[in-house]
Amino acid sequence: MRRLPLALALALVLGVSAVHATEPSASHQPSATQVVMQVEQWRADRIKRLTAPDGWLSLIGLEWLHEGANRVGAAADNDIVLKAGPDHLGVATLTADGTVRFTATPGSGAVIDGKPASGAVLVDDVHAGEAGPTTVHFGSASFYVIDREGRKGLRVKDPQAETRTHFLGIDYFPINPSWRIVADWVPFHPVHTLEIGTAIGTIDKVEVPGKAVFHREGRTFELLPYQEEPGGELFFVMADRTSGKETYGAARFLYAALPAGGLDKPGAVVLDFNRAYNPPCAFTPFATCPLAPPENRLDIAVTAGEKKYAGGHH
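From a predicted model like this one, the values you see are computed outputs, not experimental measurements. (Residues numbered from 1 in each chain as written. Predicted model: local features only at pLDDT ≥ 70, side-chain atom pairs only at ≥ 80, totals over all residues. Heavy atoms only, no water.)

Quick look at the packing of aromatic side chains now. Summed over all chains, the structure comprises 13 aromatic pairs. Taking 5.5 Å as the distance between ring centres and 50° as the angle between the ring planes, the aromatic pair formed by Phe214 and Phe273 counts as tilted. Taken together, the residues span a long stretch of sequence, with Phe214 in strand 13 (residues 203–216) and Phe273 in the segment after strand 18 (267–272) at a distance of 59 residues. Pair check on accessibility: Phe214 and Phe273 agree, each one buried. Sitting over the face of the ring of Tyr172, Arg43 holds its NZ or CZ atom 3.8 Å from the ring centroid. Taking the ring centre of Trp64 as reference, the NZ or CZ of Arg151 above it sits at 4.1 Å. (Phe/Tyr/Trp six-rings, centres within 6.5 Å; stacked < 30°, edge-to-face > 60°. Helix = DSSP H or I, 4+ residues; strand = E, 2+ residues; numbered from the N terminus. Buried < 20%, exposed > 50% of the residue type's maximum accessible area, 1.4 Å probe, protein only. Lys NZ or Arg CZ within 6 Å of the ring centre and 35° of its normal.)

Shown next, in the form of structure tokens:
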């Protein structure tokens, strides 16, 4: 996903959330058998990322920091009570300029970016670049700072999280090659701005380079994508008439390769709805996910891709 100002890239994306399409272009038309094989491989890769030790299923907390000192640990007398680790892990201090410094409690066993340390400034996920955010490990668990529209929080992970150890798997609609649709790409000159709400109540504005127009059941539909980063794939946050029934209500995600001729010219985009997948929020309450905007709520039942997670928290 595109690196949003609120860094959903999710965040959206730190590995598992980035479930990319693999179609090189719309010019290659695979057979029905090839479509099935490709989707099956995509599903296997998706599950591997989702269930990775540091994947979305490992989340055990999303704790927002208040300005000043935030005592962190498993004991009830902390400002931030963790579900793992020592009773008193340390103090995360948030200053007015947005800097977060963590000071470890002596003997807590805290390790910062792989090295024992008494304290350090924690670089958040938005400002960390390719190196990634500063990570504090304690036992099997860890946390790092996320930035969402200037709001700082601790994203806490543990590979022993119940959501991971008791993962129920994913239910799917049957793979249907007819849901691999070659859509018309219509560029916008200039690009449009789209407002997208999130699961934590914020609204982000993203740049939309064009629209994908496709036909189904004798009707015409449109979807608006954005890019996580310059040159990145097209990312669609969408809903349809199955949302909240057979599928997750807030949205499903879909990636598509760029049109062969570029974003600024009319062309074609492959929308393989067999690869429509659930956002992290379908599996954990500790994620910050975009919601399908009104423009991407399709008045058709997209009976393809992932269904609602059986172990969903809502």
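This is not the end of the story, as more comes after the structure.
In this section: the nonpolar core. Ranked by internal contacts, the top residues of the largest apolar core, which has 24 residues, are Val72, Leu89, Phe102, Val136, Phe138, Phe143 and Leu154. Sorting the residues of this core by element identifies strand 4 (90–94), strand 5 (100–104), strand 9 (135–138), strand 10 (141–148) and strand 11 (151–157) as the ones contributing at least two each. Sequence-distant contacts of Phe102, defined by excluding residues within four places in its chain, comprise Leu89, Gly90, Val91, Ala92, Ala110, Ile112, Ser118, Gly119, Ala120, Leu122, Val136 and Phe143. Listed in part, the 20 residues of the second largest apolar core include Phe221, Phe236, Met238 and Leu254. (Core = buried A, V, L, I, M, F, W, Y, C linked by side-chain atoms within 4.5 Å. Contact = heavy atoms within 4.5 Å.)

Turning our eyes to something else, we now look at the state of the cysteines. Counting across every chain of the model gives one disulfide. Cys281 shares a disulfide with Cys289; S-S distance 2.4 Å. Since a negative S-S torsion denotes a left-handed disulfide, the Cys281-Cys289 link at about 105° is right-handed. Taken individually, Cys281 and Cys289 each receive the classification buried, so the pair is uniform in this respect. (Disulfide = S-S within 2.5 Å.)

Residue His189 is joined to Pro190 through a cis peptide bond whose omega torsion reads 0°. Assignment of secondary structure puts Pro190 in strand 12 (residues 180–197). Positive phi values are uncommon outside glycine, yet Asp113 reaches one of about 50°. Even without a glycine there, the phi angle at Glu149 is positive, about 55°. With respect to the helices, strands and loops of the structure, Glu149 is situated in the loop between strand 10 and strand 11.

On the basis of which strands lie adjacent, the open sheet formed by four strands has the order 14-13-12-18 and antiparallel pairing. The open sheet terminates on both sides in strands that have one partner only, identified here as strand 14 (219–223) and strand 18. For this sheet the average axis-to-axis angle between neighbouring strands, irrespective of direction, equals 45°. Summarising the sheet, strand 12 and strand 13 pair through 10 bridges and their orientation is antiparallel. Bridging from a neighbouring strand, Val186 pairs with Lys211 of strand 13. (Pairing = 2+ DSSP bridges. Axes fitted to C-alpha atoms, helices over the stretch in contact; angles between N-to-C directions.)

Turning our attention to the sheet that holds strand 3 (residues 80–81). Across the sheet, five strands lie side by side as 3-2-4-5-8; this open sheet has mixed pairing. What marks the edges here is a single partner per strand, and that holds for strand 3 and strand 8 (119–121). With three bridges joining them, strand 5 and strand 8 adopt antiparallel strand pairing. Along strand 8, the bridge assignment pairs Arg101 with Val121.

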